[in-house]
Structure formats: C-alpha cells, structure tokens
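Summary of the model geometry
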Amino acid sequence: MPRGRLAWVTGVVSLILLGASTLFWCLLLLPLALLKLVLPFAAVRRRVDPVLNGIATAWVSCNAGWLARIQRTPWDVQGNTGLRYADWYLVNCNHQSWADIFVLQRSLNRRIPLLKFFLKQQLIYVPVIGLAWWALDFPFMKRHGKAELRRNPALGRQDQEAARRACEKFSLVPTSVMVFAEGTRFSEAKRAAQASPYRHLLKPKAGGLAVALNAMGTRFRSMIDVTIAYPEGAPSFWDMACGRAGPVVVRMRQLPVPPSFCDADYTRDKAFRATFHHWLGEQWQAKDDEIEALTTGRVREARAAPSQEG
C-alpha cells in the first residue's frame, strides 16, 4: 500500500487520469445529449438512451481498471452473480464514503444496467458532467430540511412526484435505480444526533425507496440489497485515489419486490407506511449485524495473524 510521498504522487496522478477519462467520455456524450434536448420524444429516447448508457458503462469500466491498478488489497465481493444486464433492478446500499460509489460501480459494472443515482439539484450546474448526468436521466432532487418540510409539507410531495417522474423515464430501457436509504454518509456524530438504534448505520429513509417501488415496482426483477464494509475504517475519496483504501468487503443479496408495494400510496396510506417501515427496518437490522460480523471478525483475524516483518 503506497505510503508518504509515494501515496501523494499516486493520488495526484490518479486524479489527473480520472479527470481526463471523465472529460473524454462526457465529450462523447455531448452530441447525443444535445439531440435528446432538442428532440425529447420517447421514440428518440429509445434509440439514444442505450447508446448513452453504453458510453457511460465504458467510462465506469475505465474507472474499474484504474481501481484495479492502484488497490493492491484484493476486494472480497460476494453475491454479484446470477444478475442480468438487460433487466431492471432497484439497488439499496448503506453509505459511508464517496468511495462507496466507485465500489458499487466496480462490483456491478456490466452485470446489471448502469446505476442511476438520485442527485442534489445543484449538481446539474457542474460543468460538463452535470449535462452528462442530465442526459443519462440521473434524477435531480431538491433536498429540504425537516424544519422547511414542517412549515410546508407540500415540498415533500413535490420531491416524491419528481422522483416518480424520473423513475417513469427508466421504464423505456433497462435501468438500475440506486438508493442510499440513509440519505447521507454515516458518521458517529450523525448516528448520535439522530439516536440511531444501529451500530454502523443511520436510520433509513423510506420515502425514496417507496416512491421508486410504486413507480416501477412491476418492472424491477428484484431489489439488490448491498452491504459495504471497510474493516480498517471507511476511506475517503483521497485515500482511494492514493491506493490506500484498505480491505473492501461487499455482500449482495437479491430480494423479491412484494407485489403489494407496487400499488400502495406511501404518502397517504398510514397502514402501508407502517408496514414498509417494518420491512425496511428488518433489512437494516440484518445489514447492521452483517457489518458487525464482517468488520470485527476481520479485525480479530488481522490481529491474530503472525507478523510478516523481518
């Protein structure tokens, strides 16, 4: 694992290569993005979207190759078999670091369609890549604080309707809708602030998942429940760029989408909300237990292993 000045040089070179790759693939997207903007018709989208997704998938493959070169510690990934590239999936994962996105993309690239994330509305203005995200139909959402939502509950319904419209676009071509149910990256301070009952997770937010299931539930082949664990601590993006992310453990399982979830109204049906929260809570408890087992078990193994020095 690179240390000191070598790690810093690795990080700088990695960022340059990643930036150059991103610019190259985004420029390839640009003509098709403009065509999509000028001709926003379903018939055009059905022909253009697969090409756009193919270009983005090639970009993800470049990123995966970059990671394979600089991350010398083998990743432990299980459960990403038996998937279909030409199908629809809902992917739900815990969130600890910006590195999670690269871990997910590398672990699932070309096994399922391109992952589409929910993004903050402001990110659409990021030069070059903001247009690429728009062309690829990444959903842009306006995030509202709890106080703002209490003053104006209609804002929450507007967000859900925006998510619903975004998901309806995905019905045209095979898509993987990616959700971080926690809504933000985990930290001990955030866990304490919300009095989370979990050791390694924040409380999940059910609204985004429920809206995606209601809008596209019958399309989804399954929900892929992903657990990412970093036994030596969650790395920052800079750590990953420097090649010092450490061990990465990924566990996946396919869960069937309950048919009743596809028709229920999360915003108005209190009984369904209670059922959905219970369903998601059971998954979150299982995920928390799995992270505990994956991290503490590997730490014990590392401490028990004989030293390789000398």
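Rules of the game
- Residues take numbers from 1 onward in each chain, read along the sequence in its written order.
- pLDDT decides what is reported in this predicted model: residues at 70 or higher carry local features, side-chain atom pairs at 80 or more are listed and counted, and totals for whole chains, interfaces and linings draw on all residues regardless.
- No hydrogens and no water enter the side-chain calculation; it runs on all heavy atoms of the structure.
- Accessibility here uses a 1.4 Å probe with only protein chains present; expressed as a share of the type maximum, an area under 20% marks a residue as buried, one over 50% as exposed, and anything in between as partly exposed.
- We count a stretch as a helix when DSSP gives it H or I for four or more residues in a row; a strand needs E for two or more, and each element gets its number in order from the N terminus.
- Only when DSSP finds a minimum of two bridges between them are two strands counted as paired.
- Paired rings are identified among Phe, Tyr and Trp, the last through its six-membered ring, by centres lying within 6.5 Å, and are further divided according to the angle between planes into stacked (under 30 degrees), edge-to-face (over 60) and tilted (the rest).
- When the NZ atom of lysine or the CZ atom of arginine is within 6 Å of a ring's centre and also within 35 degrees of its normal, the charge is said to sit over that ring.
- A pair is scored as a salt bridge if a Lys or Arg side-chain nitrogen falls within 4 Å of a carboxyl oxygen belonging to Asp or Glu.
- Throughout, an axis means a line fitted to C-alpha atoms (over the contacting stretch in the case of helices), and angles, computed between N-to-C directions, take values from 0 to 180 degrees.
- Contacts are assigned to residue pairs with any non-hydrogen atoms lying within 4.5 Å of each other.
- Confidence of the predictor in every single residue is expressed as pLDDT, which spans 0 to 100.
- Residues belong to one nonpolar core when they are buried, are Ala, Val, Leu, Ile, Met, Phe, Trp, Tyr or Cys, and are joined through side-chain atoms within 4.5 Å.

Quick notes on the pairing of strand β6 (residues 176-180)
The side chains of a regular strand alternate, residue by residue, between the two faces of the sheet. Counting buried positions over the five residues of β6 gives five, a clear majority of the element. Across five bridges, strand β2 (residues 89-93) lies against β6 in parallel orientation. Its bridge partner lying in β6, tyrosine 89 is registered against serine 176. In this structure, strand β3 (residues 115-117) lies alongside β6, joined through three bridges in parallel fashion. Residue pairing in the sheet places phenylalanine 117 in a bridge with methionine 178 of β6.

A few points about the packing of aromatic side chains
Per the counting criterion, the structure on display carries twelve aromatic pairs. Between phenylalanine 261 and phenylalanine 272 the ring centres are 5.4 Å apart and the planes differ by 75°, which places this aromatic pair in the edge-to-face class. A residue pair is termed long-range when its members are at least 10 positions apart, and phenylalanine 261 in the loop between β8 (249-255) and α10 (270-304) and phenylalanine 272 in helix α10 qualify at eleven residues. Accessibility expressed as a relative area gives 8% for phenylalanine 272, which makes it buried. Through a chain of ring-to-ring contacts, the aromatic side chains of Phe261, Tyr266, Phe272, Phe276 and Trp279 assemble into a single cluster. Between arginine 106 and the ring centre of tryptophan 75, over which it is positioned, the NZ or CZ distance is 4.2 Å. Cation over ring: arginine 219 sits above tryptophan 88, and NZ or CZ is 4.5 Å from the ring centre.

Points about the pattern of salt bridges
For side chains bearing opposite charge, pairing can occur when the charged atoms are close. Within this structure, the stated rule accounts for 14 salt bridges. In this structure, aspartate 87 engages arginine 221 in a salt bridge whose closest nitrogen and oxygen atoms are separated by 3.6 Å. A residue pair is termed long-range when its members are at least 10 positions apart, and aspartate 87 in the loop between β1 (76-78) and β2 and arginine 221 in the loop between α8 (207-216) and β7 (222-229) qualify at 134 residues. For aspartate 87, a relative accessible area of 10% puts it in the buried group. Judged by relative accessible area, which is 40%, arginine 221 ranks as partly exposed. In this structure, the salt-bridge partner of arginine 268 is aspartate 265, at a minimum N-O distance of 3.2 Å.

Points about the sheet that holds β6
Pairing within the open sheet is mixed, and its six strands lie in the order β1-β8-β7-β2-β6-β3. Pairing within the sheet leaves two strands with one partner each, and these edge strands are β1 and β3. Strand after strand, the sheet turns through a mean of 25° between neighbouring axes, direction not considered. Relative to the sheet, helix α3 (residues 99-108) contacts β1, β2, β3, β6, β7 and β8, its axis offset from that of β3 by approximately 155°.

Section: the confidence of the model for the protein
For the protein, the mean per-residue pLDDT works out to 86, and 89% of the residues sit at or above 70. A low-confidence stretch, residues 302-310 (pLDDT under 50), is modelled with zero contacts involving residues beyond four sequence positions or located in other chains.

Things to note about the nonpolar core
Among the nonpolar cores identified, the biggest contains 51 residues, and Leu104 and Val226 are the most heavily contacted of them. With eleven residues, the single largest contributor to this core is helix α2 (residues 42-70). Residue contacts for valine 226: discarding those within four places in its chain leaves Val91, Asn92, Cys93, Asn94, Leu104, Val250, Arg251, Met252 and Lys287. Judged by nonpolar contacts, the second largest core, of 36 residues, contains Leu90, Phe272, Phe276 and Ile291.

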